[in-house]
Number of protein chains: 2
Amino acid sequence: METIQSFTQLTDHLKAHSGRKLVALVCGYDEHSFAAVKRAVREGLADFILVGDQSRYGQYVENEQLSRHITIVHELDSDKAARIAIELVRKSEADILMKGIINTDNLLRAILDKETGLLPHGRVLTHLSVMHIPTYHKLLFFSDAAVVPYPTQEQRVEMIRYAVEVCHRFGIEKPRVSLIHCTEKVNPKFPVTTDYVNIVKMCADGEFGNAIVDGPLDVRVSCDKESMEVKGIHSPIDGDADVLLFSDIEAANSFYKAVTLFAHAEIAGMLMGPICPVVLPSRSDSARTKFYSLAMALLNVGLKKDSNKD
Amino acid sequence: METIQSFTQLTDHLKAHSGRKLVALVCGYDEHSFAAVKRAVREGLADFILVGDQSRYGQYVENEQLSRHITIVHELDSDKAARIAIELVRKSEADILMKGIINTDNLLRAILDKETGLLPHGRVLTHLSVMHIPTYHKLLFFSDAAVVPYPTQEQRVEMIRYAVEVCHRFGIEKPRVSLIHCTEKVNPKFPVTTDYVNIVKMCADGEFGNAIVDGPLDVRVSCDKESMEVKGIHSPIDGDADVLLFSDIEAANSFYKAVTLFAHAEIAGMLMGPICPVVLPSRSDSARTKFYSLAMALLNVGLKKDSNKD
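For every chain, the first residue of its written sequence is number 1, and the numbers climb from 1 along that sequence. Whichever chain is written first becomes A and whichever ligand is written first becomes 1, with later ones labelled in order. At least 70 in pLDDT is required for a residue's local features to be given in this predicted model, at least 80 for side-chain atom pairs to be given and counted, and no such filter applies to totals for whole chains, interfaces and linings, which use all residues. Only hydrogens and water are set aside when side-chain values are computed; all heavy atoms of the structure are taken into account.

Q: Sorry if this is basic, but what is going on with the overall build of chain A here?
A: Secondary structure elements are taken from DSSP: a helix is a run of H or I of four residues or more, a strand is a run of E of two residues or more, and numbering for both begins at the N terminus. The number of helices and strands found in chain A is 12 helices and 11 strands. The C-alpha atoms of chain A give 19 Å as radius of gyration, which agrees with the globular expectation for 310 residues (19 Å, within 12%). Over its C-alpha atoms, taken along the principal directions, chain A stretches across nearly 60 × 40 × 30 Å. The buried label applies to any residue whose accessible area, calculated with a 1.4 Å probe on protein chains only, is under 20% of its type's maximum; exposed applies above 50%, and partly exposed to all values in between. For chain A, the residues scored as buried account for 60% of the 310 residues in total. We call two residues in contact when some of their heavy atoms are within 4.5 Å. Long-range pairs, those at least 24 residues apart, make up 72% of the contacts in chain A between residues at least 6 apart in sequence. Every accessible area reported is derived by Shrake-Rupley at a probe size of 1.4 Å, with residue values counting cover from the shown protein chains alone. Just so you have it, chain A exposes about 12,500 Å², and 47% of that area is on carbon and sulfur atoms. Distance between charge centroids for chain A: 1 Å, based on 35 positive and 41 negative side chains. Restricting the calculation to C-alpha atoms gives the radius of gyration, and the globule rule supplies 2.2 Å times the number of residues raised to the power 0.38. By the counting scheme adopted, Arg and Lys are positive, Glu and Asp are negative, and His together with the chain ends is not counted. Note on charges: their place is set at NZ of Lys, CZ of Arg, CG of Asp or CD of Glu.

Q: Help me out: how do you make sense of the relation of the copies chain B and chain A in this one?
A: Each of the two chain copies goes to the other by way of a rotation about an axis and a shift along it. Alignment of the copies relies on least squares applied to C-alpha atoms, considering only residues that score at least 70 for pLDDT in both. Rotating chain B by 180° and translating it 0.0 Å along the rotation axis places it on chain A, where the RMSD comes to 0.0 Å. Both copies are brought into coincidence by an operation consistent with a two-fold rotation axis. Among all residues of chain B, the minimum C-alpha distance to the rotation axis is found for A251 of chain B, at 1.8 Å. Both copies share a contact surface, since 100% of the interface residues of chain B are interface residues in chain A too.

Q: Explain the packing of aromatic side chains here, please?
A: Between two aromatic rings, the relevant description is the distance of the centres plus the angle of the planes. Here the aromatic set is Phe, Tyr and Trp, taking the six-membered ring for Trp, and pairing holds for ring centres within 6.5 Å; pairs whose planes are under 30 degrees apart are stacked, those over 60 apart are edge-to-face, and all others are tilted. Applying the stated rule across the entire model yields 26 aromatic pairs over all chains. Considering the side-chain rings of F246 of chain A and F255 of chain A, the 5.0 Å spacing of their centres and the 40° angle between planes classify their relative orientation as tilted. Among the residues examined, F255 of chain A registers a relative accessible area of 0% and is labelled buried. A centroid spacing of 6.5 Å and a plane angle of 75° characterise the contact between F255 of chain A and F262 of chain B, whose relative ring orientation is edge-to-face.

Q: Would you mind showing me how to read the side chain of N253 of chain B here?
A: With respect to the helices and strands, the residue N253 of chain B is situated in helix α11 (residues 249–262). By relative accessible area, N253 of chain B is classed as buried at 5%. Setting aside residues no more than four positions away along its own chain, N253 of chain B makes contact with C182 and D218 of chain A together with A145 of chain B.

Q: When you look at the pattern of salt bridges in this model, what are you seeing that I'm missing?
A: Charged atoms that come close allow side chains of opposite charge to pair. All names here are of chain A. In what follows, salt bridge is the name for a side-chain nitrogen of Lys or Arg lying within 4 Å of a carboxyl oxygen of Asp or Glu. A complete count under the given rule lists 31 salt bridges over all chains for this structure. Note that R20 is salt-bridged to D47, the shortest N-O span being 3.0 Å. On the criterion of sequence distance, the pair formed by R20 in the loop between α1 (7–17) and β1 (21–26) and D47 in strand β2 (residues 46–52) is long-range, its members being 27 residues apart. When its relative accessible area of 39% is taken as the criterion, R20 is described as partly exposed. One continuous salt-bridge network, built from bridges that share partners, spans K138, R176, D240 and D242.

Q: Before we go on, may I ask you to explain the interface of chain B and chain A in this structure?
A: The figure often quoted for interface size is the accessible area lost as the parts come together. Listed as interface residues are 38 residues of chain B and, on the opposing side, 38 residues of chain A. Buried area, as used here, totals the accessible surface that two parts lose on assembly, with accessibility defined by a 1.4 Å probe and the loss added over both. Of the roughly 3,000 Å² buried at the junction of chain B and chain A (both faces included), carbon and sulfur atoms supply 66%. There are two salt bridges connecting chain B and chain A. With its nearest N and O atoms 2.6 Å apart, the salt bridge here joins K257 of chain A to D218 of chain B. By the criterion applied in these results, polar contacts are pairs of N or O atoms within 3.5 Å in which, for protein atoms, one can donate a hydrogen and the other can accept it, and in which residues neighboring in sequence qualify only through two side-chain atoms. Summed over the shared surface of chain B and chain A, the number is 10 residue pairs in polar contact (both at pLDDT 80 or more).

Q: Help me out: how do you make sense of the environment of A163 of chain A in this one?
A: All names here are of chain A. Within the fold, A163 resides in helix α7 (residues 153–169). Here A163 falls in the buried class, since its relative accessible area comes to 3%. Considering only alpha carbons, one finds A163 and P175, 12 residues apart in sequence, at a separation of 8.8 Å. What A163 contacts, discounting residues up to four positions off in sequence, is L128 and V243.

Q: Please clarify how the state of the cysteines should be interpreted in this entry.
A: Structurally, a disulfide amounts to a covalent bond that connects the sulfur atoms of two cysteines. Cysteine sulfur atoms that pair up within 2.5 Å are treated as a disulfide. Throughout the structure, instances matching the rule amount to zero disulfides over all chains. C27 of chain B supplies the cysteine sulfur nearest to C276 of chain B, a cysteine that is in no disulfide, at a spacing of 16 Å.

Q: I would appreciate a short explanation of the environment of P277 of chain B in the present structure.
A: All names here are of chain B. Its location among the elements puts P277 in the loop between β10 (266–272) and β11 (278–279). Put simply, P277 and N300 are 23 residues apart on the chain and 6.6 Å apart in space, counted from C-alpha to C-alpha. Apart from the residues lying within four places of it in its own chain, the contact partners of P277 are D95, I96, L97, M270, A297, N300 and V301.

Q: Can you help me understand unusual backbone geometry in this one?
A: Note on backbone geometry: most residues besides glycine have negative phi, and most peptide bonds are trans. All names here are of chain A. For the bond from S143 to D144, the omega torsion is 0°, close enough to zero to count as cis. Its location among the elements puts D144 in the loop between β6 (140–143) and α7. At C27, a residue that is not glycine, the phi angle is positive and equals roughly 55°. Following the sequence through the fold, C27 ends up in the loop between β1 and α2 (31–42). Classification of C27 by relative accessible area gives buried; the value is 4%.

Q: Explain the packing of helix α1 (residues 7–17) of chain B against helix α12 (residues 287–299) of chain B to me, please; I cannot follow it from the model alone.
A: All names here are of chain B. The convention used is that axes are lines fitted to C-alpha atoms, helices contributing only their stretch in contact, and that angles between N-to-C directions extend from 0 to 180 degrees. In the contact formed by α1 and α12, the axes pass within 10 Å of each other and the chain directions differ by 50°. Accordingly, the angle class assigned to the pair α1 and α12 is oblique. Here α1 and α12 pass one another in a crossing that is left-handed. Between α1, through F7, L10, T11, H13 and L14, and α12, the contact on the second element is made entirely by F291, Y292, A295, M296, L298 and L299. Residues are grouped as follows: Ala, Val, Leu, Ile, Met, Phe, Trp, Tyr, Cys and Pro are nonpolar; Asp, Glu, Lys and Arg are charged; all remaining types, including Gly, are polar. For the contact of α1 with α12, the per-class residue count stands at nine nonpolar, two polar and no charged. Any angle from 65 to 115 degrees is called roughly perpendicular, while one under 35 is roughly parallel, one over 145 is roughly antiparallel, and all others are oblique. Left-handed describes a crossing in which the near helix is turned anticlockwise from the far one by less than a right angle; the clockwise case is right-handed.

If you want it as structure tokens, here you go:
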């Protein structure tokens, strides 16, 4: 397949290659969820099961274009609505779980429930984002700005596996994963750098399949060949990273907020680990971000559900 | 004074208000140091004492415009050159210390020497940067992307004091200092957020003088009023931060590298703590960054040398 290098190409790809999927949306009462749903329906990408307070789904019902593509499951209590939506996925009656304006922590709790949730035992739950930055030549994935605060080495390894899988879905044959640190030096004072050395070894041993993994590298060297050369760094990332793995949530979040605000990047994101793609936007995310996140999830329906190696 | 809101205004201000200062430059053999020196001389801002290998300062000597404004102190050994430059500052024979292509760690070691260095006993050494981001309406200061990896609470407090002092020098009467974290929630799981609460209290008690300090806030809410309103956050920072204090070097460095690369920000920086301004650019920094850093240092000559409260 052609590599998907922008959100427009992502949408085009889905329109051409993906059948209509079924999305369970929890408490999608807000304007931006509504706009994302409307667009997904208009583009022919999805039908929706709207779980929550029926009386607050009025605008969906009144919209003629939408009405044939939605089903409403009435439930006043948002925690119960979350459990109903999750049950739909567990019974394979929905392909994707999407969050509306229910509190993130509450939805996560329901996803993590050992008996009735969506996360297979022992699987790492993490968040993967992808940005279109006007000043970068392709999409840039990164993790984790939202869910895992301080990844362990085991979690880092899984985060890379997930990112590589998703990149393959985007048609990136051999994704370049850069392990981010403030400098390129390996230094025991920064334990993350010695962790990175071990990850690079794992990659050399084929642990991540068809992928290039290198680090420690800083953000600039990872994404700019000239900076790499000026600094005299040699790396197979070659200033052309597809994925940035950040050391922790503070670094990832600062990156994300700065690049969306100051470089006008568009962003999408999804949860990795559950048995189906989960779209978990913030309340404050734009309609575009909600739609692109849904599109990212649509592309990733059917990622192997038990891929963690034991 | 008028507030300085760009590097051009900074240069204009120095030309109008600052006498010619004396800069001790260690191993300034590289093209970018040379360009920065040339510009500083041309703008009438500084004379230079070039410490290092005389034979490598040929381009300075051959430049007619420069030759009247430079003095060379010959020393082949770069560590000794650093010590000579530092001694010039200690004897008040130079106002500013500037790094050329000597290794940063080596220069820092000389600065930190308890007997012959530049850091008064008990004073915190940290790095303060300032950026001009084309998509932000004024200069944005931040700390610490270079020297203190994981600040203690005591270091954070000093970093804020330094930043406030420097902002006053830039004519920012009441600087807004935002304490950066990935969310706005105070949560004991993230000890930095409870540290921030104490810093905010100190600010209310007048500890930082004429300044506004608030947090935890994320980068976006700190610098964008609309994001603040959408998220329903109330903060005296008001989406109009002058200073971002990051939780650690990974967050600060990711921010710095991302914004310079993807939002084409211009950047300057200096060391805070020593008895004189110290300009410590990376080898790979542009001539412009080296000049702006020097300009930042020139504005800050004579910051009170013993301001740490005991």
